[in-house]
Amino acid sequence: MKSHKRAFLGFRYFRGHLRRFLFLILAISFGFALITVMTSLSRGMYGNVSRAARNHYGGELFVLGYHKQYGMLGMVESDAAVQRAVDALPQAPSRWLKRSLLFSDGFVYFAGNGSRQKYVYGVDFPREADLFPRSPGPEDSRAIILSAVTAGQLGARIGDDVVLKVRTKTGQINTGNFIVRDIIEDDSIFGSYKCFVDRRELNALLGLESDSYFSLGLFFDKAGTANAMAPILQKALEKELAVAPLAADKDDFAYSQSEHWTGVRHFVMTLDLYVSQVGDLLRAMDLVSYFLYIMVSLIVLVSISVTYRLIIHERSSEIGTMRAMGFQRGEIIAVLLWEALFVFLISLFTGSLLSLLILKALSLFSFGNIPGIEIFLDKGRLVPLFKAEDILLNIFLLLFILFPALLGPAYKASRLRAAAINQ
Amino acid sequence: MIKHRFLLTLMLIFSFPFFLEAEDYRAILEKADALASYLDSDFSAEYTIVHEKSGSGRETTVSAVFRRDSDYKYTIIVAEPSINRGQGYLKLKDTLWFYDPESRRFNFTSSKERFQNSNARNSDFTRSTLAQDYDVLSASRTTLGTFNCWLLDLEANNDEVTYPKMKIWVSDDYLVRKTEDYSLSGQLLRTTAIPSYQVLEGRFIPRAVYFFEALVDEKTVISIAKPSFRAIPDTVFTKTFLEKSGQ
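Worth saying up front: this structure is predicted, and the values here are computed from it rather than measured.

Rules of the game
- Residues numbered from 1 in each chain as written.
- Chains lettered and ligands numbered in written order.
- Predicted model: local features only at pLDDT ≥ 70, side-chain atom pairs only at ≥ 80, totals over all residues.
- Heavy atoms only, no water.
- Helix = DSSP H or I, 4+ residues; strand = E, 2+ residues; numbered from the N terminus.
- Rg over C-alpha atoms; globule rule 2.2 N^0.38 Å.
- Contact = heavy atoms within 4.5 Å.
- Buried < 20%, exposed > 50% of the residue type's maximum accessible area, 1.4 Å probe, protein only.
- Buried area = accessible area lost by both parts, 1.4 Å probe.
- Salt bridge = Lys/Arg side-chain N within 4 Å of Asp/Glu carboxyl O.
- Polar contact = N/O pair within 3.5 Å; in protein donor to acceptor, adjacent residues only side chain to side chain.
- Nonpolar A, V, L, I, M, F, W, Y, C, P; charged D, E, K, R; others polar.
- Pairing = 2+ DSSP bridges.
- Domains from an automatic or database assignment.
- Expected span 1.5 Å × (residues − 1).
- Bend = angle between axes of the 7 residues up to and from the residue.
- Axes fitted to C-alpha atoms, helices over the stretch in contact; angles between N-to-C directions.
- Parallel < 35°, antiparallel > 145°, perpendicular 65-115°, else oblique.
- Left-handed = near helix turned anticlockwise from the far one by under 90°.
- Phe/Tyr/Trp six-rings, centres within 6.5 Å; stacked < 30°, edge-to-face > 60°.
- Lys NZ or Arg CZ within 6 Å of the ring centre and 35° of its normal.
- Core = buried A, V, L, I, M, F, W, Y, C linked by side-chain atoms within 4.5 Å.
- pLDDT = per-residue confidence, 0-100.

A. Up close: the overall build of chain A. Scanning chain A for helices and strands turns up twelve helices and nine strands. Relative to the compact-globule value of 22 Å for 423 residues, chain A shows a C-alpha radius of gyration of 30 Å, a clear excess of over 25%. Counting only C-alpha atoms and orienting by the principal axes, one finds that chain A spans roughly 100 × 50 × 35 Å. Long-range pairs, those at least 24 residues apart, make up 77% of the contacts in chain A between residues at least 6 apart in sequence.

B. Here's a closer look at the environment of A:Y46. Residue and element names in this part refer to chain A. Examined against the element boundaries, Y46 turns out to sit in helix α2 (residues 18-57). With relative accessibility at 24%, the residue Y46 sits in the partly exposed group. Sequence spacing of Y46 and R283 is 237 residues, and the spatial spacing of their C-alpha atoms is 9.3 Å.

C. Focus on the interface of chain B and chain A. Taken residue by residue, the interface counts 15 residues in chain B and 16 residues in chain A. Interface of chain B and chain A: buried area, both sides summed, is about 1200 Å²; carbon and sulfur atoms make up 51% of it. At the boundary of chain B with chain A, the tally comes to zero salt bridges. In this assembly, chain B and chain A are joined by eight residue pairs in polar contact (both at pLDDT 80 or more). When the residues that make up the side of chain B that touches chain A are grouped by side-chain class, the tally is seven nonpolar, five polar and three charged.

D. Structural context of the pairing of strand β10 (residues 176-182) of chain B. Residue and element names in this part refer to chain B. Within β10, seven of the seven residues are buried, which leaves the element mostly enclosed by the surrounding structure. The pairing of strand β9 (residues 165-171) with β10 spans six bridges and is antiparallel. The partner of M166 across the bridge, within β10, is D181. In this sheet, strand β11 (residues 188-193) lies alongside β10 in antiparallel orientation, the contact comprising five bridges. Directly across from T179, in β11, lies its bridge partner T192. Hairpin remark: β10 followed by β11, antiparallel, with five residues in the connecting loop; positive phi at G186, about 95°.

E. Spotlight on the domain arrangement of chain A. According to the domain assignment, chain A consists of domain 1 (3-53 + 277-422) and domain 2 (95-219). Each of domain 1 of chain A and domain 2 of chain A has a C-alpha centre, and the two are 51 Å apart.

F. Here's a closer look at the pattern of salt bridges. One pass over the full model with this rule turns up 30 salt bridges over all chains. As a salt-bridge pair, A:R199 and A:D124 come within 3.1 Å of each other at their nearest N and O atoms. Separated by 75 residues along the polypeptide, A:R199 in helix α5 (residues 199-206) and A:D124 in the loop between β3 (113-123) and β4 (143-147) bring together distant segments of the chain. Overall, the relative accessible area of 2% leaves A:R199 in the buried class. Judged by relative accessible area, A:D124 falls into the buried class, the value being 11%. Of the charged contacts in the structure, one is a salt bridge between B:D69 and B:R67, with a shortest N-O distance of 2.7 Å. Each of the salt bridges in this network shares a partner with another, and the network as a whole consists of A:D124, A:R199, A:R200 and A:D211.

G. Geometry of helix α6 (residues 225-238) of chain A. All names here are of chain A. Between its terminal C-alpha atoms α6 stretches 20 Å, which fits the 20 Å expected from 14 residues at 1.5 Å a residue. Largest kink in α6: about 25°, centred on P231. The complete set of buried residues in α6 reads T225, A226, M229, A230, L233, Q234, A236 and L237. Contacts made by the buried residues of α6 are with β1 (61-67), α3 (79-87), β8 (215-219) and β9 (264-270).

H. Examining the packing of helix α10 (residues 316-324) of chain A against helix α11 (residues 329-363) of chain A more closely. Residues and elements named next belong to chain A. Two numbers describe how α10 lies on α11: the axes approach to 10 Å, and their chain directions differ by 135°. Taken as axis vectors, α10 and α11 run oblique relative to one another. Every pair of crossing elements has a handedness; the one defined by α10 and α11 is right-handed. Between α10, through I319, M322 and R323, and α11, the contact on the second element is made entirely by R329, I332 and V335. Here the residues of the contact of α10 with α11 are counted per class, giving four nonpolar, no polar and two charged.

I. Spotlight on the packing of aromatic side chains. Overall, the coordinates contain 26 aromatic pairs over all chains when judged by the stated rule. Cluster of aromatic residues (ring-pair linked, three or more members): B:Y47, B:Y74, B:Y89, B:F98, B:F115 and B:F125. When the ring centre of A:F178 is taken as reference, the NZ or CZ atom of A:R142 above it lies at 5.4 Å. Lying over the aromatic face of B:F147, B:R177 brings its terminal NZ or CZ to 3.9 Å of the ring centre.

J. A look at the nonpolar core. Core analysis: the biggest nonpolar cluster contains 48 residues, and B:Y47, B:F125, B:L152, B:L154 and B:I222 have the highest contact counts within it. Excluding residues within four positions of it along the chain, B:I222 makes contact with B:Y47, B:T48, B:I49, B:A120, B:F125, B:R207, B:A208, B:V209 and B:F211.

K. Just the confidence of the model for chain A, in detail. Chain-level pLDDT for chain A is 84 on average; 94% of the residues reach the 70-or-more range. Least confident of the elements in chain A is helix α9 (residues 276-314) of chain A, whose mean pLDDT is 75; most confident is strand β5 (residues 161-167) of chain A, at 96.

L. How the structure looks around the environment of A:N369. Residue and element names in this part refer to chain A. Tracing the chain through its elements places N369 in the loop between α11 and α12 (388-414). Note on N369: relative accessible area 75%, which makes it exposed. Residues N369 and G380 lie eleven residues apart in sequence; the distance between their C-alpha atoms is 7.9 Å.

M. Structural detail: the side chain of B:E213. Note on placement: B:E213 falls in strand β14 (residues 208-213). Among residues more than four places away in sequence, those in contact with B:E213 are B:N119, B:R121, B:L189, B:R190 and B:E218.

Right under this line is the structure:
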């Protein structure tokens, strides 16, 4: 018998016994929907954290300059040397941002209220217009953009005059007057107490040279390029500047920072390293998801096996008739596997639909009030991200569960004799 | 003739500051430092620090302060509130330690930091070194309430001081009556007032020091009681003393 005839026969039998397969389809669909929801949400959460981190840190691959004697204040020593190293990269960045940063030592004051800032960023507003919806113009040097949390604590609104207090590179108190040009909502882990001012203004307040910067952030068009470029950039920089070894993880980075040095030491850092702890957490969540999936799969595997045995038993006379009509064992197995393939395809379809329904239902609710989870959300909501490799892995897992569970009963069925007709 | 003498006197009075040189202004600061520092003996007292913050109410901290100004040393033990009891500060020259009895650990802190989250800075508890740390930019005569004062504009000559710019009102008896602390860019940050002093063994000790933050609605009053110039054992200025006090 030709294979397309087996497929056709399999489809006819599948359609004829659809009611018998319903429970099986439901069980498989539920399992597939569960893992699809979990993996897509996990990817979505990581995507949210990554996007927020990319905006927060201003890049995917960074050159940072730390001046040990100025505490957490930093500056890149030679812009020309850094530019040469960037120009020599085999994959040119699609975009770059220079930023200054005051870490944990800035305060914003308004109307008798004060707010300690975890990050005071000096940015080039025109270059970052996409990150700031109401980006101030290049001549608006007194502009400040506050996070919603900071603005709320101060009671400040757009147009208000605020005072930014910082410590200079030598530890003196310095202040500047700024006008609030925008208040940004940011529910991410990085969104709390931070503000953005013009880089040159911040440098002046900190006592740094006007055009200096702490970090050069590079963006690449293709995902994963930043990680590939990091060692190349590090090697290129090493030839001209004092550069720390490329850190494998955050502990490595912290160790490099704790070492003694004089003047400026540069660090090449990837965004993945910045958010490695969040990545570890989500990878742990993935493992939990797959553990659950395997548990569900085992249950499904047993159910499939039992249900299919039952179905085969109920159809023994039919299979016996087929044998009597001259069907070979291999052909019986092939027809039964074709049936299983249709079960698999229908389960895949209904499982995908079910997962979309669950995700849609989840997206209707705001989870922003649940402590700890807000860092993974986009405007308080869970957002899934479908990755081809995840979907393929899930489909492969489903195939891996389904067909071994069917092979046993199908093989037994193929061994039924024509005598089974009378049973 | 009388009219001319009167005019001459007026001119002398108003031009008085211009006859003084920068060195003379420094001498005013040195005299003010001398009165606010106790170099020939130890000093101890009980400091009651009341900190008021708009919307957060009032917090009271009671501390025992031990100073040995001649060696740039001080030890402060917090007695109240009970939650902070046993916390302590030990300043040995340029190094300032903070001791937390909960963790039983010493941590470095800075003289520029707030004392127990009040508006006083850790540097407010040590000897006065205005003449050493600041240059006088300008000076004028003024009155502050009932006091005739020198008003001196100061600018720090090093980065170690808490405030880079100050205005200071020194009465004719060389006691500091008021200071205004400014940022590098000239923003007023804090006003300090010392309206009255108590006298013990011929030396002046503030009765109370008032701190008013300019950028936030906060104020702190430090009342100084039980002052003493008796000798303090050397062991008080050690980490062991802080550890024992914290038990």
